[in-house]
Amino acid sequence: MNVTNIFLDHLRQNDHVESVPQMIQTPSGMAIVEIQGEVVSKAHLQEGSRRVGSIEFEEKKATLVIDGKQRMRGSIKKLDKPLGLLKMDPENRHQVDLIEIVTHKVSFTDIPEPVGAEE
Amino acid sequence: MKLNFYEEYDKRHIYRLIELPEQIIGELREEEEEYKKTKELQHYSLTLRGKDRLVLCNKNTTWNVKQRSQSNTLHLVETRDDGLASICITQPILECTLSESPQLDTSDLPCYDGDSIMGDPRIAKHDLDSLRNRSSMSGVQFDQVWAQIGGVEVDGVACVLADSLIKETIDDILTSLASQKQQLNLVSASDVVSDTSPAVVTAVLKMFATTPIEPYNLDLAHIISWIGKNALGEPVQIEQFMIMWKNSIPMIFDEDMVSLDLIKGSYALCETMIHKLSESDLPRDPKERFARLFQIKDKWELDEITPFIEPIKMNKSTKTENFVLKYAKKRKIGGKVMVCRE
């Protein structure tokens, strides 16, 4: 029997929380972005950060543009049930940190459309 | 508001999303408020337990945890100065459903008969705290189940009581109470005169009490039912069994309380004989189970067969009457619904 304790991380913080719309602001700055299919990129193969596109918010509406080539339209949606975000250290299996309780997601579930030449 | 979207995977950690039950969300929010006021960490007990089957437990409730796959990709993103960075693509969401009555597997537990602890020497023994920690249920539920099964810790070993010792202790309890003309609703372990240890007396009192702490409120119908089930053995005439059952209860009581309804699901009536029959001894496969039941007798009253059928119904909301039609015939004989071989 494996027993893992879950601890809510009270010390979580993120100084850039206000960079995103209020509905997806969380104390830790973590949020969920749902995308139909998958974003094909090689970011996981390389170290460090790679810009793959942009997200534009206009109230509840959101537009995701990947590599300047594909556009997905979406919106901020309330989750049916809040999701706890668990963070595990593979070296320490007896403890899991609950780093956030997320209540909204940014959802892009429409079919991607090509970005026009004017953009 | 236009933001950059980055990918910067965190390869040092594993992230999972879990659908949290409302009760837990409420408790976490309270904990958070408390922390803001006092700045003291007072983590309340929340654990993920299990190996093959995962459960989520707080102090008093257990939820079964299952993975729910989804076709869309969920990116976990971190807010940055100029945008959002996807730090991982999460695995299937963990979904929690309330576990109504979590079970404790007692098959590996040693048995205590009053003199010695008997058990398979190849199976590791545990003390009570260790057993509680290893169980797939919350601490409060474990204590309830432990009391219901007559669990006791003897010399640092968590054991279940042998039926012979339970019966002996019930006799001591009822005899002591009768001699002191004491009611069954306010019983303390110190009221009981017994040769068995105080721990065993307390375990038996808890087993039949409707209250978890002293003074115990003993449930006489539960005691009579246990004595009846314990008296079942080799097939005997029903009348003979009823006399034997009544005579096993060492106190004056309303004899109308002794009824076969109290031990439903533990016997089969075959003409004038009563046979011991335990649901756990029957095959799990429904077809095989019906075949075994019809080996015992060709026709069962629906009421009598129901306890042997309920546990194998895949969909618990299906009426037993309808479920049996898959494997047997239903007839009305003399105003009673009978289940017969196909």
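Owing to the predicted nature of the structure, the values given are computational and were not obtained by experimental measurement.

## Things to note about the overall build of chain B
Next, step 1: If you tally the helices and strands in chain B, you get 10 helices and 18 strands.
Next, step 2: By the compact-globule yardstick of 20 Å for 342 residues, chain B is too spread out, its C-alpha radius of gyration being 27 Å.
Next, step 3: Overall, chain B is about 85 × 55 × 40 Å in size when its C-alpha atoms are taken along their principal axes.
Next, step 4: Of all 342 residues assigned to chain B, the portion counted as buried reaches 45%.

## A few points about the domain arrangement of chain B
All names here are of chain B.
Next, step 1: Along its sequence, chain B is organised into domain 1 (3–98) and domain 2 (101–218).
Next, step 2: At the interface, 9 residues of domain 1 touch 11 residues of domain 2.
Next, step 3: Carbon and sulfur atoms supply 43% of the area that domain 1 and domain 2 bury against each other, a total of about 600 Å² over both sides.
Next, step 4: Sorting the residues of domain 1 by area buried against domain 2 places Arg 49, Asn 60 and Thr 62 first, and these three jointly supply 62% of that buried surface.
Next, step 5: Linking domain 1 to domain 2 there are 0 salt bridges.
Next, step 6: Partitioned by chemical class, the residues of the side of domain 1 that touches domain 2 number 2 nonpolar, 4 polar and 3 charged.

## Observations concerning the packing of helix α4 (residues 163–179) of chain B against helix α6 (residues 220–231) of chain B
All names here are of chain B.
Next, step 1: α6 packs onto α4 with a crossing angle of 140° between their chain directions and a minimal axis gap of 11 Å. As summarised for this structure, α4 and α6 are arranged oblique, according to the angle between their axes. In the crossing of α4 with α6, the sense of the turn from one axis to the other is left-handed. Across the interface between the two elements, Asp 163, Ile 166, Lys 167, Ile 170 and Leu 174 of α4 pack against Ile 223, Trp 226, Ile 227 and Asn 230 of α6.
Next, step 2: Grouping the constituent residues of the contact of α4 with α6 by class yields 6 nonpolar, 1 polar and 2 charged.

## Quick notes on the side chain of Ser248(B)
Residue and element names in this part refer to chain B.
Next, step 1: In this structure, Ser 248 sits in the loop between α7 (238–247) and β14 (267–270).
Next, step 2: The buried category is assigned to Ser 248, whose relative accessible area is 19%.
Next, step 3: A polar contact of 2.7 Å, which involves the side chain of Ser 248, links it to the backbone oxygen of Met 244.
Next, step 4: Look past the residues within four positions of Ser 248 in its chain and what remains in contact with it is Lys 167, Asp 171 and Ile 227.

## Comments concerning the nonpolar core
Next, step 1: Counting 44 residues, the largest nonpolar core has Leu161(B), Ile170(B), Phe208(B), Leu218(B), Phe241(B), Trp245(B) and Ile249(B) as its most contacted members.
Next, step 2: Only β11 (151–154), β12 (157–161), α4, α5 (198–207), α6 and α7 of chain B provide two or more residues apiece to this core.

## Section: the sheet that holds strand β13 (residues 236–237) of chain B
Backbone hydrogen bonds are what pair the strands of a sheet, in a parallel or an antiparallel way.
All names here are of chain B.
Next, step 1: Spatially, the 3 strands line up as an open sheet ordered β13-β15-β14, and their pairing is antiparallel. A strand with exactly one partner marks an edge of an open sheet, and here the two such strands are β13 and β14.
Next, step 2: Of the strand pairs in this sheet, β14 and strand β15 (residues 273–276) are connected by 4 bridges, and their pairing is antiparallel. Within the sheet, the bridge partner assigned to Tyr 267 lies in β15 and is Lys 276.

## What about the side chain of Ser28(A)?
All names here are of chain A.
Next, step 1: Note that Ser 28 resides in the loop between β1 (3–8) and β2 (30–35).
Next, step 2: At 2.6 Å, the side chain of Ser 28 forms a polar contact with the side chain of Glu 100.
Next, step 3: Apart from the residues lying within four places of it in its own chain, the contact partners of Ser 28 are Arg 12, Gln 13, Asn 14, Ile 99 and Glu 100.

## As for the sheet that holds strand β16 (residues 299–301) of chain B
Residue and element names in this part refer to chain B.
Next, step 1: Taking strand neighbours across the sheet as the criterion, the 3 strands line up as β16-β18-β17 in an open arrangement whose pairing is antiparallel. Across the chains shown, the open sheet's two edge strands, defined by having one partner strand only, are β16 and β17 (329–333). Taken over all neighbouring pairs, the strand axes of this sheet differ in orientation by 35° on average, direction set aside.
Next, step 2: Examined bridge by bridge, β16 and strand β18 (residues 336–340) share 3 bridges and lie antiparallel to one another. Along β18, the bridge assignment pairs Lys 299 with Cys 340.
Next, step 3: Here helix α9 (residues 302–309) sits on the sheet and contacts β16 and β18; the angle it forms with β16, its principal contact strand, is near 90°.

Rules of the game
- Along each chain, the written sequence defines residue order, and numbers are assigned to residues from 1.
- As they are written, the chains are lettered A onward and the ligands numbered 1 onward, keeping that order.
- Only residues with pLDDT of at least 70 get local features here, since the model is predicted, and only at 80 or more are side-chain atom pairs given and counted; chain-wide, interface and lining totals rely on the full set of residues.
- Computation of side-chain values: all heavy atoms of the structure, hydrogens and water removed.
- Each helix corresponds to a stretch of at least 4 residues labelled H or I by DSSP, and each strand to a stretch of at least 2 residues labelled E; elements are numbered beginning at the N terminus.
- C-alpha atoms define the radius of gyration, and 2.2 Å times the number of residues to the power 0.38 defines the globule rule.
- Relative accessibility under 20% of the residue-type maximum defines a buried residue, over 50% an exposed one, and the middle range a partly exposed one, all with a 1.4 Å probe and only protein chains included.
- Where each domain starts and ends follows an automatic or database-derived domain assignment.
- In this description, contact between two residues means that some pair of their heavy atoms is separated by no more than 4.5 Å.
- Throughout, the accessible surface (probe 1.4 Å) given up by two parts as they are put together, summed over both, is called the buried area.
- A pairing counts as a salt bridge when a side-chain nitrogen of Lys or Arg comes within 4 Å of a carboxyl oxygen of Asp or Glu.
- The nonpolar class holds Ala, Val, Leu, Ile, Met, Phe, Trp, Tyr, Cys and Pro. Asp, Glu, Lys and Arg form the charged class, and all remaining residues, Gly among them, are polar.
- All axes here are fitted lines through C-alpha atoms, helices being fitted over the stretch that makes contact, and every angle between N-to-C directions spans 0 to 180 degrees.
- When describing relative orientation, an angle under 35 degrees is termed roughly parallel and one over 145 degrees roughly antiparallel, while 65 to 115 degrees is termed roughly perpendicular and anything else oblique.
- In this scheme the crossing of two helices becomes right-handed for a clockwise turn of the near helix relative to the far one and left-handed for an anticlockwise turn of less than a right angle.
- For this analysis, a polar contact is any N or O atom pair within 3.5 Å, provided that within protein one partner can donate a hydrogen and the other can accept it, and provided that sequence-adjacent residues contribute only side-chain to side-chain pairs.
- Definition of nonpolar core: a set of buried residues of the types Ala, Val, Leu, Ile, Met, Phe, Trp, Tyr and Cys, connected through side-chain atoms within 4.5 Å.
- We treat two strands as partners when DSSP finds at least two bridges between them.

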